[in-house]
Amino acid sequence: MVIEQTSPRRNRVLKKASTLTNSSSLKALEWGSICALLVKRATRSVNIDAFLHFLPDDSDRPNIEALLLQVEVFRDLLNAGGLRFEGIPEVDELCAALSIEGEYLDGIDLMVLARFALMSQDLGTEVEARLAAVPGSSSTRFGGEAKDLARLAGLSFVGSVSRAIGPKGEVRDDASPELRRLRARTQRLREDLDLVFETYLHKPNADDVLQDKVVANRNGRSVLMVKAEAKRSFDGVVHGASRAQKTAFIEPIEAVAVNNELVVVSEEEQEEIRQILRRLSEEARQDLSALKRAGWILQAWDALHARARLARDLNGRSPVFSDDGSVNIVQGIHPLLMDKVRTDLDLAPSGRVPVPLDLEIAADRRILVIGGPNTGGKTVALKCVGLLCLMARSGLPIPAGEGTVVPFFDSIFAEIGDDQSLGAGLSTFSAQIAGIAKMTVSADRRSLVLLDELGSGTDPLEGGALGAAVIDDFARRGATVIVTTHNADLKLFAQESPLARCASFAYDPASFAPTYKLVLNQPGRSLAFEIASRLGVPASVVDQARSRLPESARRQEAILADLAREKAELAEKQTRLEEAQARVRAMDETLTARLARIEDERARMREDTRERIQKRREAEDHRLRALFAEAEDKLKAAKTPRAVVRLRGEILSQVTPESETKAPAAAAESLSVGDFVEAPALGWRGLITALTESDVEIDSGGKRIRLGRSLVQRARNTKAPGSPPWSPGRRVEPDQAESFAARRAHARTDSE
């Protein structure tokens, strides 16, 4: 396949296309821009070349959906930043060389191979960590691939190369004992040579004999630069002369033996280096399968990484494919309308915020005829739908909102723009019809057909009739067809056909400026006169043009204008209604949230109160237990009735809470003989038989007891008094308000 680049990084004319579409459709839909965006996001050369020649994928639906899922995994990985593919060497050629038995790599190539393994291991470890943070991702194939890369650093040849090869690809002295010995011998021989030459350079007649006091190299041997006239008196081996014959390169006789030995040792050193490189290459050859798999993993990951980066930059989402052929594009945007994309492609900013496209085609009405004024957005809508469907079909997330659904088309064709060809002798109309003729060969119920300005370029009546027939033919084949037109007959066809719907791009009724909003079920006006006026055509010319219209056409224009105005008013009311509904929903959500918080606060307060009561009850129980034990001990130790009375007062003041001891005092002032009363702190109930300012005598079960007025209050019920609640054999619970010992003290006091 050959690709010619017609403009930098953007449109490409493809000489051969996939079975999914054809070259003219790809050009019309500006598929080359998607290729260029992917190229800029790939790092491996094989992927850059593949994306440069990328064609819409004609794989089956399961494969495309699987590809989209893989792209989503890498999109999740991008949340922690881009993956570092840059700088990882490409080793396909090195692996190919190792595949040939007997071939070996030089030091630089071995270092590149080792660096590839180490950097791939770092990437595998990073991806493995990121996968662990994405639920469910570790179980995908990428988890196993990340582990494979993470193991590369453990390959035996990596350590061997790191020890034997220096950073510049040189073989280290300690790569082998023999190499260390040979290099040490070489160093000694060079030192011997230096002594020989130093002797000559510092002789008294050196200036007369030598052309220059330096040691030169000739044919791998160290020589002196001797003047031509002195060479006969110089004892040594001549290795040549300068071009001017003024200098002879002579090896002193004393250096010949040393040079000879140095040559032999150097050859042995080179042979030892070759043996080391062969050994290291053979070691790498043992890990060749792991290296090849790592290269394949990096290539696959880089391609998915490029797709995921494009999806992120386009704010794209994975498409959902419909089973019934319906189309629903929500907030779709053509990538070339985005300033970020235009910057990537070295294009000037658009200068305005793109208006998203909302377009719907029902499964039982697959023909959509779009009208409206020029520059209103019709052609952009065609390109947007076509490009988004191509991207979805190729496993690329699309720049559209949630709820977008497109069919899994088997073919996508577009006839957009002016394809007039002087070379082929075709007019604009002829070129359009020729393109449509090619579409009819393969269009079927799984095809998308996009036709721009159908019926134009010829007589309006004939163009409308031909356009309607073309649409009807595609409809009978079951294809999904989107048509833009100014032809009134085609708009009428869309309104009458049960398989078609009409739509138009709205405009501002006051200024006739386009809004780029697609309105379904509304045939659009072309607004030729209004646009002419807006662009500066004299009003007299426009008025004369209006007068030339037939009466029926003027009525039709008036009806359409009124309809557009009413539609705009209705849309404005609908917008206000939706805004009001949104405010009501927001208020309802706010109130619901507030009620939920109030209920939570109530529950928390109830729980806090319960906990405080429980803690207070436990603390009081503990206090009374301790008081009970102390009272028992003190009462047992009391010797006189006066001491018992004193202890009784002390004990009762500690047993009765302050709120209970103060409350009855006011009530006691209104007590009188014959009242039925109770002493809550002691558990006694009875009738008052006598009372003074400080004491009350009550009859309880035939016993007379004298109590302080502060301990008595009117009984809550008038149940006849019975015996006191305690008897000598009855068990006293620790949580009761007073102790048994205190009551015994009361009884003794009364009897005295």
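It should be emphasised that the depicted structure is a prediction, and the values quoted were computed from it without experimental measurement. (Residues numbered from 1 in each chain as written. Predicted model: local features only at pLDDT ≥ 70, side-chain atom pairs only at ≥ 80, totals over all residues. Heavy atoms only, no water.)

**What to know about helix H8 (residues 156-164)**
Next, step 1: Considered for burial, the residues of H8 that qualify are Phe157, Val158, Ser160, Val161 and Ala164. All buried residues of H8 fall inside an arc of 170° around its axis, so they share one side.
Next, step 2: Its buried side turned inward, H8 meets helix H6 (107-133), helix H11 (253-286) and helix H12 (288-313). (Buried < 20%, exposed > 50% of the residue type's maximum accessible area, 1.4 Å probe, protein only. Helix = DSSP H or I, 4+ residues; strand = E, 2+ residues; numbered from the N terminus. Arc of directions from axis to C-beta. Contact = heavy atoms within 4.5 Å.)

**What to know about the packing of aromatic side chains**
Next, step 1: Taken as a whole, this structure holds 6 aromatic pairs when the rule is applied.
Next, step 2: Ring centres of phenylalanine 51 and phenylalanine 54 lie 5.8 Å apart, and the angle between their planes is 85°; on these two criteria the pair is classed as edge-to-face.
Next, step 3: Taken together, a centroid distance of 5.2 Å and an interplanar angle of 40° make the contact between tyrosine 200 and phenylalanine 234 tilted. On the criterion of sequence distance, the pair formed by tyrosine 200 in helix H9 (residues 177-201) and phenylalanine 234 in the loop between strand E4 (221-227) and strand E5 (236-241) is long-range, its members being 34 residues apart. Here tyrosine 200 and phenylalanine 234 have matching classes, each one buried. (Phe/Tyr/Trp six-rings, centres within 6.5 Å; stacked < 30°, edge-to-face > 60°.)

**Quick look at the sheet that holds E4**
Next, step 1: Ordered in space as E3-E4-E6-E5, the 4 strands form an open sheet in which the pairing is antiparallel. Looking along the sheet, the strands with just one partner apiece sit at the ends: strand E3 (210-218) and E5. In this sheet, neighbouring strand axes are inclined to one another by 35° on average, regardless of whether the strands run parallel or antiparallel.
Next, step 2: Relative to strand E6 (residues 247-252), E4 runs antiparallel, the two being bridged by 4 bridges. Its bridge partner lying in E6, lysine 227 is registered against threonine 247.
Next, step 3: Relative to E6, H11 is tilted by about 75°, and along the sheet it contacts E4, E5 and E6. (Pairing = 2+ DSSP bridges. Axes fitted to C-alpha atoms, helices over the stretch in contact; angles between N-to-C directions.)

**Description of H6**
Next, step 1: An ideal rise of 1.5 Å per residue puts 39 Å on 27 residues; H6 measures up with 40 Å between its terminal C-alpha atoms.
Next, step 2: N-cap assignment for H6: the residue whose side-chain oxygen lies 3.3 Å from the backbone N of isoleucine 108 is aspartate 106. (Expected span 1.5 Å × (residues − 1). Polar contact = N/O pair within 3.5 Å; in protein donor to acceptor, adjacent residues only side chain to side chain.)

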